[in-house]
Amino acid sequence: MRPVIVVHGGAGRVFAEREGGCRSGVVRAALRGHRLLAEGGTALDAVEEAVRSMEDDPHFNAGCGSVLNEKGEVEMDAIIMDGKNLASGAVSAVKCIANPIKLARLVMEKTKHLLLTGHGAQLFARAMGIPEVPEEKLITERSRERWKKNLEPDSNPEEFQKDLGTVGAVAIDSEGNVACATSTGGLSNKLIGRVGDTACIGSGGYADNCCGAASTTGHGESIMKVVLARLVLYHMEQGMSPEMAADAALNHMETRVGGRGGVIVVNRAGEWAARFSTKQMSWATVKDDQLLYGIHAGERHTKPLGEALASVCEGF
Ligand code: GLY
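Residues numbered from 1 in each chain as written. Predicted model: local features only at pLDDT ≥ 70, side-chain atom pairs only at ≥ 80, totals over all residues. Heavy atoms only, no water.

Draft legend 1. Region of interest: the packing of aromatic side chains. Taken as a whole and assessed by the stated rule, the structure comprises one aromatic pair. For the ring pair Trp272 and Trp283, a centre distance of 5.5 Å and an interplane angle of 40° mean the geometry is tilted. A residue pair is termed long-range when its members are at least 10 positions apart, and Trp272 in strand β10 (residues 272–276) and Trp283 in strand β11 (residues 280–287) qualify at eleven residues. Exposure remark for Trp283: the relative accessible area of 4% places this residue in the buried category. (Phe/Tyr/Trp six-rings, centres within 6.5 Å; stacked < 30°, edge-to-face > 60°. Helix = DSSP H or I, 4+ residues; strand = E, 2+ residues; numbered from the N terminus. Buried < 20%, exposed > 50% of the residue type's maximum accessible area, 1.4 Å probe, protein only.)

Here it is as structure tokens:
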């Protein structure tokens with residue numbers, strides 16, 4: 001099996017001035033994840049690495065760059081899942097850590113539980129020796145500005161939600177194991193303690209070697225109502241290709257609950273898809289020594305992997 005990785009940097013609206021940063025961010029994440037796969041690493045390691053790369057990148061709504069809750073604080077959700085044995089770990093409403101995806105993986109590997117939230121997740125992070133970072137280090141000028149604008153009496157928070165994202169990755173490794181990882185700061189000006197789709201197994205992500213893996217992005221409450229990631233896998237189990245399954249699931253979410261979003265998918269044969277019902281979604285994939293990436297509907301750039309490694313990602 002030739003390994004494949006697909007990543008997304010969030011569905012929504014990407015303003016022109018941010019397109020370059022989002023494009024190089026998803027490309028860098030895909031290349032980093034693929035490097036692990038090429039060295040014989042597991043799908044699980046690859047999706048964690050790719051998501052960490054985007055959590056560290058202030059262009060995305062995850063880790064550093066997360067949007068703020070109603071009190072102006074960062075509260076983050078993340079999930080990781082191993083398709084080999086359906087093991088999964090998630091955290092929700094965590095504060096002051098740089099990489100929630102790492103904490104989610106520790107929940108999976110070091111506890112008997114699937115999801116830790118808020119104060120409990122914080123205590124667990126401390127027990128695991130994860131360093132706390134000052135909240136200010138996770139907050140960008142852009143997040144703070146958006147939060148302030150949303151507080152203005154005539155603001156329309158739903159308008160601002162359109163340009164928000166989440167980050168995620170799915171992969172299949174040389175042994176045929178699949179995995180997914182998803183991480184987010186959630187919705188801008190959300191209520192304190194709001195838990196979104198990202199932390200919920202089957203909604204923010206799902207992985208099963210019998211079928212494939214999916215990671216989702218978009219309006220969390222809508223995604224949870226239709227359990228979007230598991231719905232994509234269900235459609236593949238019924239015989240659909242990743243692209244058809246993603247479109248069918250997104251279409252169901254829009255017609256049934258009026259929500260929009262995006263999904264990335266890989267199936268057990270290594271076929272992949274990056275589909276969205278929003279205006280844009282930054283995505284990238286590496287398969288068969290080719291890098292592909294895009295943001296707008298129908299946009300698909302291709303580069304040989306060697307050229308991409310040499311030129312696309314300075315500082316990679
Ligand atoms: N999909 C991210 C969120 O709504 O929290």
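Now that the structure is up, let's keep going.
Draft legend 2. Up close: the site of the ligand. Residues in contact with the ligand, as listed here, are Thr166, Thr184, Gly186, Leu187, Arg194, Asp197, Thr198, Gly218 and Gly220. When the ligand is considered free in solution it has 200 Å² of accessible area, and contact with the protein chains removes 99% of it. When the residues that make up the shell around the ligand are grouped by side-chain class, the tally is one nonpolar, six polar and two charged. (Near = heavy atom within 4 Å. Areas by Shrake-Rupley, 256 points an atom, 1.4 Å probe, with all protein chains shown as cover. Nonpolar A, V, L, I, M, F, W, Y, C, P; charged D, E, K, R; others polar.)

Draft legend 3. Inspection of the sheet that holds strand β2 (residues 76–82) at higher detail. The strand order across the open sheet formed by nine strands is β4-β3-β2-β6-β5-β1-β11-β12-β13, and the pairing between neighbours is mixed. Of all the strands in the sheet, the pair left with one neighbour each is β4 (115–117) and β13 (301–304). In this sheet, adjacent strand axes meet at a mean angle of 10° when their direction is disregarded. Of the pairings in the sheet, the one linking strand β1 (residues 4–12) to β11 comprises seven bridges and is antiparallel in character. Of the residues in β11, the one forming a bridge with Ile5 is Val286. In the packing of helix α1 (residues 16–38) onto the sheet, contacts are made with β1, β5 (167–172), β11, β12 (290–296) and β13, and the angle to β11 comes to roughly 30°. Strands in contact with helix α3 (residues 100–110) are β2, β3 (87–94), β4 and β6 (178–184); relative to β3, the strand with the most contacts, it is inclined by about 135°. (Pairing = 2+ DSSP bridges. Axes fitted to C-alpha atoms, helices over the stretch in contact; angles between N-to-C directions. Contact = heavy atoms within 4.5 Å.)

Draft legend 4. The arrangement of helix α9 (residues 242–257) in detail. Along its 16 residues, α9 runs 22 Å from first to last C-alpha, staying within 8% of the 22 Å computed at 1.5 Å per residue. Those residues of α9 that sit buried are Pro242, Ala245, Ala246, Ala249, Leu250 and Met253. Taken down its axis, α9 places every buried residue within 125° of arc, on the same side. Exposed residues on α9 whose side chains face more than 90 degrees from its buried face are Met244 and Thr255. With its phi angle positive at about 75°, Gly258 sits one or two positions after the end of α9. (Expected span 1.5 Å × (residues − 1). Arc of directions from axis to C-beta.)

Draft legend 5. Representation of unusual backbone geometry. Even without being glycine, Ala93 reaches a positive phi, approximately 55°. The class for Ala93 is buried, based on a relative accessible area of 9%. In the Ramachandran plot, Cys96 falls in the positive-phi region, its phi being about 60° despite a non-glycine side chain.

Draft legend 6. Inspection of the environment of Leu115 at higher detail. Here Leu115 shows up in strand β4. Each C-alpha atom of the pair Leu115 and Ala78 lies 9.5 Å from the other, and the pair is 37 residues apart in sequence. Setting aside chain neighbours within four positions, we find Leu115 in contact with Ala90, Val91, Ser92, Val107 and Ala199.

Draft legend 7. Just α1, in detail. Over its 23 residues, α1 runs 33 Å from end to end, which matches the ideal 33 Å to within 8%, given 1.5 Å per residue. Positive phi appears at Gly40, one or two residues downstream of α1, with a value of about 95°.

Draft legend 8. Representation of the pairing of strand β9 (residues 261–267). The buried fraction of β9 is high, at seven of seven residues. Of the two faces of β9, the one lined by Gly261, Val263, Val265 and Asn267 and the one lined by Gly262, Ile264 and Val266 are each fully buried. As defined by bridge partners, strand β8 (residues 212–218) adjoins β9 across seven bridges and the pair is classed as antiparallel. Bridge pairing in β9 places Gly218 opposite Gly261.

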